[in-house]
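Residue-level structural notes
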Amino acid sequence: QSSGKSSVLESIVGRDFLPRGSGIVTRAATVLQLIRTKENNPDEPEDYAIFGHRPGEKFTDFSKVRDEIQAETNRLAGENKGISERPIILRIFSPYLLNLTLIDLPGLTKVPVGSQPQDIDKIVRNMVLDYIRSPNCIVLAVSAANTDIATSDSLHLAREVDPKGDRTFGVLTKLDIMDKGTDALRVLKGKEYPLKLGYVGVVCRSQEDIQNNKSLKNALKAENKFFENSAIYKEVKDRSGIPYLSLQLSKLLNQHILKCLPELKKKIDTQLNERKIELASYGHSISDNPEAGRTYLLSLISDYSKYYRDSVEGSTKVVENNDYKVGARIQIIFQEYYVNDINNLDPFDELADEDIRTAILNAKALNPSLFIPEAAFELLIRQQINRLLVPSLSCALQIHNELRNMAIYCQVAELDRFEKLKDKIMEVVTELLKDCLEPTEQMIRNLIEVELGYINVNHPDVLTGISAVLSMLRGYDENPGVRELTNREEEKIRSPKRINSKATPSFIIEKDTPKEFEERVELGALPEMIRAEGRPSAREALEVKIIKELMLSYFKVVVTRVADIVPKVIVSFLVEKSLSEVHDRLVHKIFTQTGWEKLMEENPLIAEKKANCKNIIAVLKEAQKVINEIRNTKFD
């Protein structure tokens with residue numbers, strides 16, 4: 001700060017255009033591009049400036065350039081000495097300039113002013129470092145000659161990013177106001193703080209000269225007179241002054257560009273290739289030719305249908321190792337969830353022994369039988385077989401959901417360009433899956449109905465009734481004590497039980513009831529529901545064991561059959577049917593319908609990205625062209 005940066009820049013340009021004042025004035029980086037134009041061009045003003053934020057507007061009055069810089073600085077950084085990281089782009093065109101690009105950065109400061117942050121020094125320092133850290137940048141370190149060079153903030157900061165001094169160029173200002181008896185000759189010769197690019201001493205206008213409206217042209221004359229008449233700087237006068245500085249900076253920039261050219265070309269080529277790949281990922285442009293558009297639409301439908309099939313069938317093109325694809329997930333649902341669930345179904349977890357005893361007694365009714373009635377077995381086993389319906393339907397629904405999710409997250413990249421088309425495809429596929437689910441569920445219901453409709457006890461894997469009875473009676477025949485106990489219990493069962501006489505009678509005796517009939521009425525109140533309760537007799541326990549053995553044997557056979565057939569039904573009626581019909585359904589519902597053109601309207605976000613990518617590619621191609629021209633240019 002206050003080392004004379006602005007004066008140096010104005011002297012190089014030859015125009016008064018930078019804001020001035022006390023304290024920190026440059027509060028946003030100004031990218032200053034000096035462009036040499038042809039002399040005596042009748043179509044263009046001699047000198048003019050164009051701002052990056054106001055493209056196409058030419059400023060010929062440089063006092064207005066100063067005002068615009070001040071206004072843009074206030075807009076970016078606020079009006080109270082704040083700092084902005086966003087740069088101001090300014091191009092100055094003149095036939096008297098050398099082609100040069102300079103970036104005017106805020107001066108290094110120590111103390112916050114006004115409402116500036118307390119860490120303003122760190123903010124400015126980091127901002128400067130962000131620019132000068134690039135190895136493609138030449139650091140123009142401006143220091144005042146009337147201060148000790150060892151305390152120069154600019155040289156100190158430059159050394160952090162350029163410790164060998166390979167790309168740091170020193171500028172000493174205020175040579176004309178040094179204390180008597182002191183000079184900066186040793187510094188200019190590089191003996192105090194050596195830099196490979198060297199130093200240039202300059203004499204710019206003082207604040208008094210600016211207030212007195214001393215022109216830059218007269219200032220250059222005064223500078224030249226100073227070096228001509230100075231006995232101290234006589235030996236370096238040919239390497240001092242603003243004209244020499246401008247020439248050296250232009251030469252240094254050109255030489256530095258040539259040095260950095262191979263690496264720059266490599267980076268540009270890499271970025272261009274990356275952008276071309278990005279542009280290709282957004283898909284080809286849709287032609288105004290309707291036939292070409294229909295062809296492209298059909299190719300998208302085919303790509304989607306192929307991805308749908310490949311995801312289910314496990315094509316290597318969609319194989320990943322971070323998650324199971326839908327085909328593998330379906331297999332896992334079948335084997336690890338559905339089959340395990342129904343195999344673990346206990347036919348008796350919702351069926352108590354009392355329920356079985358009640359069913360047996362109901363089946364016997366008025367005709368006590370020697371053996372367990374088949375009606376009781378069939379009633380009980382049907383109840384358990386019917387329990388297989390819910391998990392089977394749930395399995396079908398879960399497979400349906402997996403297919404639908406896969407359809408929603410289908411990885412056909414080009415579909416992202418056409419949001420309406422993607423939504424329509426989702427709608428058609430969802431409808432297709434729903435149409436496939438309904439017959440699948442009906443087929444599963446039919447399967448369970450078939451099992452309920454005919455109880456095939458003659459199946460070779462089903463335990464026969466005789467086998468179950470023999471197994472249960474084997475221990476009964478070998479133990480006479482058990483047989484005697486059983487007979488006594490059976491006798492108790494046959495004996496009539498008296499019901500509590502205090503209960504309300506079930507039969508009301510009218511006054512005119514014959515006396516002889518009245519004496520015979522001994523019935524007590526019957527409860528509304530009578531079912532098996534209490535400890536079972538030995539016969540009842542034996543019957544329950546036999547029927548449970550038969551049920552378990554038959555239930556295992558049914559579960560095995562259902563566990564095998566239900567997945568086949570789901571695959572055949574839901575999975576394979578959707579695979580075989582998805583392409584034809586999409587063609588019928590989208591391709592052959594009118595209004596398909598609206599579905600091919602690109603997603604605005606994708607269209608914007610595509611346009612930006614094209615613009616960047618154009619800029620990179622222009623950069624390639626410029627680099628090739630520079631490579632073929634010989635600099636004096």
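Residues numbered from 1 in each chain as written. Predicted model: local features only at pLDDT ≥ 70, side-chain atom pairs only at ≥ 80, totals over all residues. Heavy atoms only, no water.

Summing up its helical and strand segments, the chain has 20 helices and 7 strands in all. Burial statistics for the chain: of 636 residues in total, 39% are counted as buried. Summarising the internal contacts of the chain: among those between residues at least 6 apart in sequence, 80% fall at separations of at least 24. (Helix = DSSP H or I, 4+ residues; strand = E, 2+ residues; numbered from the N terminus. Buried < 20%, exposed > 50% of the residue type's maximum accessible area, 1.4 Å probe, protein only. Contact = heavy atoms within 4.5 Å.)

The subject of this paragraph is unusual backbone geometry. At K174, a residue that is not glycine, the phi angle is positive and equals roughly 60°. Note on K174: relative accessible area 27%, which makes it partly exposed.

A pair of packed helices can be characterised by two numbers: the angle between their axes and the separation between those axes. Packing of helix α1 (residues 5-13) against helix α8 (residues 242-281) brings their axes to within 9 Å, and their N-to-C directions diverge by 80°. For the element pair α1 / α8, the angle class is roughly perpendicular. Where α1 approaches α8, its residues V8, S11 and I12 are matched on the opposing element by I242, L245, S246 and L249. (Axes fitted to C-alpha atoms, helices over the stretch in contact; angles between N-to-C directions. Parallel < 35°, antiparallel > 145°, perpendicular 65-115°, else oblique.)

With that settled, the discussion passes to the packing of helix α13 (residues 389-408) against helix α18 (residues 538-591). Look at α13 against α18: their axes get within 10 Å of each other, and the N-to-C directions meet at 30°. On the basis of the axis angle, α13 is roughly parallel to α18. Like other packed secondary-structure pairs, α13 and α18 cross with a definite hand, here right-handed. Note on element contacts: α18 touches α13 through V562, V566, I570, L574, V575 and S578, opposite S392, C395, A396, I399, H400 and L403. Here the contact of α13 with α18 is built from residues that sort into 9 nonpolar, 3 polar and no charged. (Left-handed = near helix turned anticlockwise from the far one by under 90°. Nonpolar A, V, L, I, M, F, W, Y, C, P; charged D, E, K, R; others polar.)

What follows covers the packing of aromatic side chains. The full count for this structure, using the stated rule, is 5 aromatic pairs. Measuring from ring centre to ring centre gives 6.1 Å for F226 and Y233, while their planes differ by 40°; the resulting arrangement is tilted. F226 sits in the partly exposed class, given a relative accessible area of 23%. Y233 gets classed as buried once you look at its relative accessible area, which sits at 3%. Aromatic pair F227 and Y233: ring centres 6.3 Å apart, planes at 75°, arrangement edge-to-face. Three or more aromatic residues joined by ring pairs make a cluster, and in this case those are F226, F227 and Y233. Lying across the ring of Y48, K58 places its NZ or CZ 4.9 Å from the centre. Between K548 and the ring centre of F348, over which it is positioned, the NZ or CZ distance is 5.0 Å. (Phe/Tyr/Trp six-rings, centres within 6.5 Å; stacked < 30°, edge-to-face > 60°. Lys NZ or Arg CZ within 6 Å of the ring centre and 35° of its normal.)

With that settled, the discussion passes to the sheet that holds strand β3 (residues 84-94). Here we have 4 strands laid out as an open sheet, ordered β2-β3-β1-β4, and mixed in their pairing. Lying at the two open borders of the sheet, with one neighbouring strand each, are β2 (48-51) and β4 (100-104). Taking the axes of each pair of neighbouring strands and ignoring which way they run, one obtains an average angle of 20° across the sheet. When β2 meets β3, the two strands line up antiparallel, connected through 4 bridges. Opposite A49, over in β3, you have I92 as the bridge partner. Of the strands in this sheet, β2 and β3 are in contact with helix α2 (residues 62-77), which crosses β3 at around 165°. (Pairing = 2+ DSSP bridges.)

Take empty space enclosed by the protein next. One simple way to see leftover space: roll a probe sized like a water molecule over the atoms. A complete count under the given rule lists 1 cavity of 30 Å³ or more for this structure. Size it by volume and the largest cavity reaches roughly 90 Å³. For the largest cavity, the full set of lining residues is S6, L18, P19, V25, T26, R27, A28, T30, I69, Q70, T73 and D104. Here the lining of the largest cavity gets 3 residues from one element, more than from any other, and that element is α2. Residue composition of the lining of the largest cavity, by class: 5 nonpolar, 5 polar and 2 charged. (1 Å grid on protein atoms, 1.4 Å probe; cavity = no way out; pocket = protein on both sides within 12 Å on 5 of 7 lines; lining within 4 Å. Points joined across faces, edges and corners; volume = space filled by probe spheres on them.)

Spatially, β5-β6-β7 is the arrangement adopted by the 3 strands of the open sheet, whose pairing is parallel. Each edge of the open sheet is held by one strand with a lone partner, namely β5 (139-144) and β7 (199-201). Taken pair by pair, the neighbouring strands of this sheet meet at an average axis angle of 20°, ignoring direction. Note that β5 and strand β6 (residues 168-173) share 6 bridges and pair parallel.

On to the side chain of T173. Position of T173 among the secondary structure elements: in strand β6. With relative accessibility at 2%, the residue T173 sits in the buried group. Among all residues touching T173, those that are not within four sequence positions of it are S3, G4, V8, V142, S143, A144, A145 and V202.

Before going further, it helps to examine the nonpolar core. Grouped together as the largest cluster of nonpolar side chains are 78 residues, with contacts concentrated most on Y304, Y308, I399, L403 and L421. Among the secondary structure elements, those contributing two or more residues to this core are α9 (290-313), α10 (326-343), α11 (353-364), α12 (374-385), α13, α14 (419-453) and α18. In terms of residue count, α18 provides more of this core than any other element does, 23 residues in total. Those residues in contact with L421, other than ones at most four positions away along the chain, are L297, L300, L415, I590, L599 and M600. Counting residues in each nonpolar core, the second largest holds 32 residues, with L97, F169, L249 and L252 among its members. (Core = buried A, V, L, I, M, F, W, Y, C linked by side-chain atoms within 4.5 Å.)

Turning next to the confidence of the model for the chain. Residues with a pLDDT of 70 or more make up 80% of the chain, whose mean pLDDT is 80. The low-confidence segment residues 481-509 (pLDDT under 50) makes 23 contacts with residues lying over four places distant or belonging to another chain. (pLDDT = per-residue confidence, 0-100.)

This part takes up the pattern of salt bridges. Any two side chains of opposite charge can pair, on the condition that their charged atoms come close. Under the definition given, this model contains 25 salt bridges. In this structure, the salt-bridge partner of E10 is R205, at a minimum N-O distance of 3.3 Å. Taken as a pair, E10 in helix α1 and R205 in the loop between β7 and α6 (207-211) lie far apart in primary sequence, 195 residues in all. Judged by its relative accessible area of 10%, R205 falls in the buried class. Between R585 and E581 there is a salt bridge, with the nearest N and O atoms lying 3.9 Å from each other. You can see R585 and its partner E581 sitting in helix α18, 4 residues apart, about one turn around the helix. Residue R585 is classed as buried on the basis of its relative accessible area, which comes to 17%. Overall, E581 belongs to the partly exposed group, its relative accessible area being 24%. Among the charged side chains, a network of salt bridges with common partners joins D435, K577, E581 and R585. (Salt bridge = Lys/Arg side-chain N within 4 Å of Asp/Glu carboxyl O.)

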